[in-house]
Amino acid sequence: MSLFFESYLAPLVNERSNIVRGRVFLKERKEFSKSGEEDLLSVSEYSGVTKRSDNLGDGEYLSRAETLEGYRKVQKNDLVMNYMLAWKGALGVSDIEGITSPAYSVFLINSEYAEARFIHALFRSELFHAYFRTESTGIIESRLRLYPEALMSLKMVLPPLNEQQDIATKIDHETTRIDALIEKKTRFIELLQEKRQAMITQAVTKGLDPDAKLKDSGVEWLGQVPEHWEIKRLQFLCTGVKAGPFGSSLTKDMYVSTGYRVYGQEQVIPGDFSIGDYYISPEYYSELSQYAVSPGDILISCVGTFGKIAVVPEDVEPGIINPRLIRIRVNKTVSPLYLTTLLRSGVVSEQFALWSRGGTMDIINIGILANIVLAIPPLNQQHSILSFLGFENTHIDNLIQKNEHSIDLLKERRSALITAAVTGQIDLREVPHEPDPS
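From a predicted model like this one, the values you see are computed outputs, not experimental measurements.

(A) Main features of the packing of helix α2 (residues 116-123) against helix α5 (residues 161-206). It is the contact of α2 with α5, at a shortest axis distance of 8 Å, that shows an interaxial angle of 65°. Between α2 and α5, the crossing angle belongs to the class labelled roughly perpendicular. Crossing geometry of α2 relative to α5 is assigned as left-handed. Packed against α2, whose contacting residues are R117, F118 and A121, the element α5 presents Q164, Q165, I167, A168, T169, I171 and D172 at the interface. Counted by class, the contact of α2 with α5 contains five nonpolar, three polar and two charged residues.

Set out below in structure tokens:
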């Protein structure tokens, strides 16, 4: 008897429960696809077993294999396990048929002994994550493996079949209710983010005065703007635009542990200029001083998602930009913070999308930036717009943070409820419908 079973599972045994090994209700299914034309399934710690096609991100492939012939067949109510990540919860019972990687394990669940939905909840519970981790083999965490034979040899505590079915039904009911709340709050956060973007676009194209007289900007994506605003290309708002050093000017063998910082993309999203540990010596800094950063400089990532922009703070360490950044220095007609807000707005992202070029990644160069068309209010109005947006953004951020915290609490409650239910620590018939955490 393993120490984990003795310490955590054996105490759950009661007069109705049974101690069984996995092989009592699990049998490895060794059926393989002859055509490879079935739906390809994936299994993850987050979503269990799903169609691979439902979870493809941009630039991802359904499979990199030339053929799916020989992939493991999965029937409805089969248990699918990634034995390399079972300890993290990368397993689950499938409610669809298909095929999965030959590197995964597939098990038929004997319905005379076990309810598939109960086993799904049991194996994905926090308690069994810990159990699988303890019983996996491997020297380091990233190499832990729970092989099929090991899973089938594990001792488990199962209630009678009718109780398993009843518990599974009640878990489904409670988790459906919690998932609906999570989905509602997630959608509310999305709406807040959409509201933020619309608010910013409205402020930087129409200003704050609803009665201001408007004029046609002459630019389709700007539309009408206040008549006293100027329409300018970005190049006429800058004293200089500089791309980071390319080629042999800056190479990795020039990096040292201390000296002058080399700033890269990791700073531009959080705006945290303490991130990163690349440095160059004073000698190289002197040679590359044309790429140096100063407070008030705007840094733009030239590879990747639009909107990766940051303003260099007053207390920045001396350093230079790397090849993935473009540095903008503005003239006295525009605030660096205001221009940054403009460049993150929807009207500018449309222009970026129109002018950018690249394969799998979007690439921005100085020529693209120079030709971006902007509506520029007087400096005093720029500061007023920034103050307004700062106040409104703080309110939106607080609402988002509150709802994200509520979602975290709901997820914790969901996980705890499942673990308590499948281990017999609570009777779901007695679980009250608690108010929505917020």
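(B) How the structure looks around the layout of surface pockets. The volume enclosed by the largest pocket comes to roughly 1100 Å³. For the largest pocket, the lining is made up of 30 residues, of which Y46, H120, R124, R414 and I418 are closest to its centre. For the lining of the largest pocket, the element with the highest residue contribution is α5, accounting for seven residues. Each residue belonging to the lining of the largest pocket can be placed in one class, and the counts come to nine nonpolar, 11 polar and 10 charged.

(C) View of the pairing of strand β4 (residues 48-51). Bridge analysis of strand β3 (residues 41-44) against β4 gives four bridges, and the strand direction is antiparallel. When the sheet's bridge partners are listed, L41 is paired in β4 with K51. Once β3 ends, the chain turns through three residues before running back antiparallel as β4.

(D) Expanded view of the pattern of salt bridges. Counted according to the given criterion, the structure contains 19 salt bridges. Two residues, R187 and E194, come together in a salt bridge whose shortest N-O distance is 3.4 Å. The exposure class of R187 is partly exposed, given its relative accessible area of 39%. For E194, a relative accessible area of 44% gives the class partly exposed. Note that R196 and D397 form a salt bridge whose closest N and O atoms lie 2.8 Å from each other. Highlighted residues: R196 in helix α5 and D397 in helix α11 (residues 379-422), separated in sequence by 201 residues.

The rules behind the values
Residues numbered from 1 in each chain as written. Predicted model: local features only at pLDDT ≥ 70, side-chain atom pairs only at ≥ 80, totals over all residues. Heavy atoms only, no water. Axes fitted to C-alpha atoms, helices over the stretch in contact; angles between N-to-C directions. Helix = DSSP H or I, 4+ residues; strand = E, 2+ residues; numbered from the N terminus. Parallel < 35°, antiparallel > 145°, perpendicular 65-115°, else oblique. Left-handed = near helix turned anticlockwise from the far one by under 90°. Contact = heavy atoms within 4.5 Å. Nonpolar A, V, L, I, M, F, W, Y, C, P; charged D, E, K, R; others polar. 1 Å grid on protein atoms, 1.4 Å probe; cavity = no way out; pocket = protein on both sides within 12 Å on 5 of 7 lines; lining within 4 Å. Points joined across faces, edges and corners; volume = space filled by probe spheres on them. Pairing = 2+ DSSP bridges. Salt bridge = Lys/Arg side-chain N within 4 Å of Asp/Glu carboxyl O. Buried < 20%, exposed > 50% of the residue type's maximum accessible area, 1.4 Å probe, protein only.

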